[in-house]
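# Residue-level structural notes
What follows is each chain in one-letter form.
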Amino acid sequence: MPITTAYETRIDHVSILDEHGVFDETLGQDLISEDQLPAIMEHLVFCRQLDEIAFKLQRSGRMGTYPQNTGQEMPSLAAALAIEKADWLVTCYRENTGLFWHGLPPECILLHWMGDERGNHIPAGVNATPIAIPIGTQMLHAAGLGWAEKAKKTGAIAVTFFGDGATSEGDFHEAANFAASLKLPVVFCCQNNGWAISVPSSVQSAGETFAQRGISYGMPCVRADGNDLFAMTKVMKDAVARARAGEGPTFIEAVTYRLRDHTTADDARRYRDAGELETWEARDPLPRLRRWMEAKGLWDKSQHEKAMKSGEERVAEIISNAEEIAAPDRSEFFDHMYADLPASLKRQRDSKRTTSLGQFPEDLA
Amino acid sequence: MTTAANETEMTLVQAVTDALACEMRLDDRVIILGEDVGLNGGVFRATEGLQAEFGADRVVDSPLAESGIIGSSIGLAMNGMRPVPELQFEGFMGPAYDQLCSHAARFRTRTRGRFTVPMTVRVPHGGGIHAPELHSDAPEAIYAHQPGLKVVMPATPYDAKGLLIASIRDPDPVIFFEPKRIYRAFREAVPNEAYTLPIGKARVVTEGTDLTVVAWGAMVVEAAKAAEQSKASIELIDLRTISPLDEDTILASVEKTGRCVVCQEAPLTLGLASEISSLVTERCFLHLEAPVQRVAGFDTIMPYYKLEMEYLPGPDRINAAIDETLRY
Ligand SMILES: Cc1ncc(C[n+]2csc(CCOP(=O)(O)OP(=O)(O)O)c2C)c(N)n1
Ligand SMILES: [Mg+2]
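Heads up: these notes are all about the structure in this document. Because the structure is predicted, anything quoted here is derived from the model rather than measured. (Residues numbered from 1 in each chain as written. Chains lettered and ligands numbered in written order. Predicted model: local features only at pLDDT ≥ 70, side-chain atom pairs only at ≥ 80, totals over all residues. Heavy atoms only, no water.)

## A closer look at the site of ligand 1
With respect to spatial proximity, 20 residues lie near ligand 1, and among them Y93, R94, G165 and W195 of chain A together with E66 of chain B are the closest. Each of chains A and B places residues near ligand 1. One of the side-chain N or O atoms of Y93 of chain A is found 2.6 Å from an oxygen atom in ligand 1. Between A166 of chain A and ligand 1, the recorded distance is 3.0 Å, taken from a backbone N or O atom to an oxygen atom. When isolated, ligand 1 has an accessible area of 580 Å², and the protein chains bury 95% of it. Taken together, the residues that form the shell around ligand 1 break down as ten nonpolar, five polar and five charged. (Near = heavy atom within 4 Å. Polar contact = N/O pair within 3.5 Å; in protein donor to acceptor, adjacent residues only side chain to side chain. Areas by Shrake-Rupley, 256 points an atom, 1.4 Å probe, with all protein chains shown as cover. Nonpolar A, V, L, I, M, F, W, Y, C, P; charged D, E, K, R; others polar.)

Structural data, given as structure tokens:
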């Protein structure tokens, strides 16, 4: 036989709580304890509120550009549920739910988008990297962070998030290759939200799925309904277990949708079909989970109202914390350039000048 | 202001769009590629309407990959096309650096002229627009330091159109930095026809006798404000091209004034201002009445926007340097 099959594969698509509310009891069993679900729902309500208010803050000039997370709450939250405190979240900018669950104070995210670098000073003990602005770069850091855990034999792992667009960058491919080839404890999660600003995901890949991006690097790949907390939690748990067991990375494609503009600087109506948006609004992950929890008797209207009210209060407090923080010192941006500031930089900082005559006024005689 | 029938009042970003449209009408080889340049018209709307006029084969939404955008533009350019790739922000030139410096800059010389790379890389440049991290840098010196690349940066709508068309027609790779802070700062009359301005030729914005101020991009506007506030007679030079540098215009001016202040957004150390300072010191030594002064960004990472105005030189810092140089 001159031609045989050299390689064949299959990519699973995982759905547990589908958009019609149908729940797969077998797959969904014991994934998330029923006791934990109300706290999860409260968290989601709060995160959605914060996200919508952040938009308004930008519109009223109280914050800079902000990328809304609405509609994409589940993938990173599932990761946060599946990992331990010592594990790493290495994210982009649509992972607020997971970061906050993992311990990042929400003020950090607001400060970042308010143009204040102190928002990137992530508290010690929270293993998360700052928002990655250059697309597709952070996955390599996840490979290195995971590698260090492997070297230190801690058993901790790294989970990294990125968009569909990010998989077009060369760094993504290098990260996938490093992680797979060196068997690093890393989970790759691509949030395929259909768009990279105005460019549809079909431009990023001619392949059928983004999940198959991982195949060529030799890692297990899976696709899941990114708007289904249970499906995401299942694939995350499996991937985390593999990584922890020393079996190397997994590639997860979370199929989701950006329900808002790319950022506050964008107007998606210029390029996006209203019908498509409507279809995805019907798949909004929050009402889906809420309806199911209500039907199961795990959540009710009064709990929801309570969550809305306490969420609003928390959001208000977080915003005032972020807004009322003392303004950074005028020369704060010098402070963290090096462990020891070179003399020339001290001179620039103290004189607020780069001109020699301004720095050595004695030369003016 | 009256506008002649054959010209239109426009902003700098509109002049960029107009230049692209003019040249695409005249030359079928010109194609645009980049992130969001198609239906969305680019995040700054610099390619607004071009896909509608020229089609999706000539105004191409590429995958999200700067190295891919520049590397494939090199191939297009070597094979008879005139690509005008857009990189969305100067802060994202990093992934393209290798293709720009290891390849675009070298093909002509390493093939002894067999292959050339006539492409024009458009890149919004600089700070002052309240943008997120890595959307406000000033990396022009990095690319001016790379032999084989030309680096152009207009400061007015009229110059933007003439220089962009000249860049597209240039036989070598040009990095065309667009000062995004002044994309929409003012309008001026721009001829409707295609026209070119010479690459490598600076512009004397205002003539003066006491002191020469050299600036480029958005700093030209800051320097002009400073000159207006100053009691001295300032000669303001807008470089327009960063590489190759118009040495003659700078030197002639400093020979006349004997004093020179250079303004740049970029960090001080090893910036273009340093090059100009050494040029003037070496070639105008006997005419100088005071040491050349560099008003620059600090040698730090460009801070996030809460502090960006502490970083960017403005009229105050420029005027302090002018005063000190005059007092020397
Ligand atoms: C290296 C780099 N190039 C370009 C940009 C500008 N940019 C910001 S977000 C974005 C699209 C990202 O798409 P995707 O990875 O799918 O993430 P999404 O925003 O959809 O979550 C682009 C092009 C950037 N931030 N970094
Ligand atoms: Mg996307």
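Once the structure has been displayed, the description carries forward.
## Some words on the packing of aromatic side chains
Residues and elements named next belong to chain A. All chains considered together, the criterion is met by 22 aromatic pairs over all chains. Ring geometry for F46 versus F100: centroids 6.3 Å apart, planes at 50 degrees, classification tilted. Separated by 54 residues along the polypeptide, F46 in helix α2 (residues 37-59) and F100 in helix α4 (residues 96-101) bring together distant segments of the chain. Of the two residues, F46 and F100, both sit in the buried class. Residues Y257 and W280 carry aromatic rings whose centres are separated by 5.1 Å and whose planes lie at 5 degrees to one another, so their mutual orientation is stacked. Residue Y257 is located in the loop between β8 (250-255) and α10 (274-281), and its partner W280 is located in helix α10; the two are separated by 23 residues in the primary sequence. Judged by its relative accessible area of 2%, Y257 is buried. When its relative accessible area of 16% is taken as the criterion, W280 is described as buried. (Phe/Tyr/Trp six-rings, centres within 6.5 Å; stacked < 30°, edge-to-face > 60°. Helix = DSSP H or I, 4+ residues; strand = E, 2+ residues; numbered from the N terminus. Buried < 20%, exposed > 50% of the residue type's maximum accessible area, 1.4 Å probe, protein only.)

## With respect to the interface of chain A and chain B
With 47 residues of chain A in contact, the opposing surface of chain B contributes 45 residues. When chain A packs against chain B, close to 3,900 Å² is buried across both sides, 59% of that on carbon and sulfur atoms. Taken as a group, R270, F333 and T354 of chain A account for 18% of the area that chain A buries against chain B, more than any other trio of residues on that side. Applying the counting criterion to the chain A and chain B interface returns four salt bridges. Residues D116 of chain A and K306 of chain B are paired through a salt bridge, measuring 3.0 Å at the closest nitrogen-oxygen approach. Classifying every residue of the side of chain A that touches chain B gives 22 nonpolar, 14 polar and eleven charged. (Contact = heavy atoms within 4.5 Å. Buried area = accessible area lost by both parts, 1.4 Å probe. Salt bridge = Lys/Arg side-chain N within 4 Å of Asp/Glu carboxyl O.)

## Things to note about the side chain of D228 of chain A
Residues and elements named next belong to chain A. Positionally, D228 belongs in the loop between β7 (221-225) and α9 (229-244). There is no salt bridge for the buried D228, and the closest opposite charge comes from R288, which lies 4.8 Å off by N-O distance. Side-chain polar atoms of D228 contact the backbone nitrogen of A231, separated by 3.1 Å. Setting aside its immediate chain neighbours within four residues, D228 contacts S15, I16, L17, M74 and R288. (Lys, Arg positive; Asp, Glu negative; His and termini not counted.)

## Some details on the sheet that holds strand β11 (residues 234-238) of chain B
Residues and elements named next belong to chain B. Here five strands make up an open sheet; going across it, the order is β9-β11-β10-β13-β14 and the pairing mixed. A strand with exactly one partner marks an edge of an open sheet, and here the two such strands are β9 (203-206) and β14 (293-297). Direction aside, the axes of adjacent strands within the sheet are offset by 25 degrees on average. Pairing of strand β13 (residues 260-267) with β14, which is carried by four bridges, proceeds in the parallel orientation. Considered in β14, the bridge of V261 is made with Q293. Across the sheet, helix α9 (residues 247-257) lies against β9, β10 (211-215), β11 and β13, angled at about 170 degrees from β11, the strand it touches most. (Pairing = 2+ DSSP bridges. Axes fitted to C-alpha atoms, helices over the stretch in contact; angles between N-to-C directions.)

## Re the coordination of the magnesium ion (ligand 2)
Residue and element names in this part refer to chain A. The protein atoms that coordinate the magnesium ion (ligand 2) are D164 (OD), N193 (OD1) and W195 (O), at distances of 2.1 Å. Between the donor residues of the magnesium ion (ligand 2), the gaps in sequence give the motif D-x28-N-x1-W. The pair N193 / W195 is uniform in exposure class, with both members buried. (Donors = N, O, S within 2.8 Å, 3.2 Å for Na, K, Ca; no water.)

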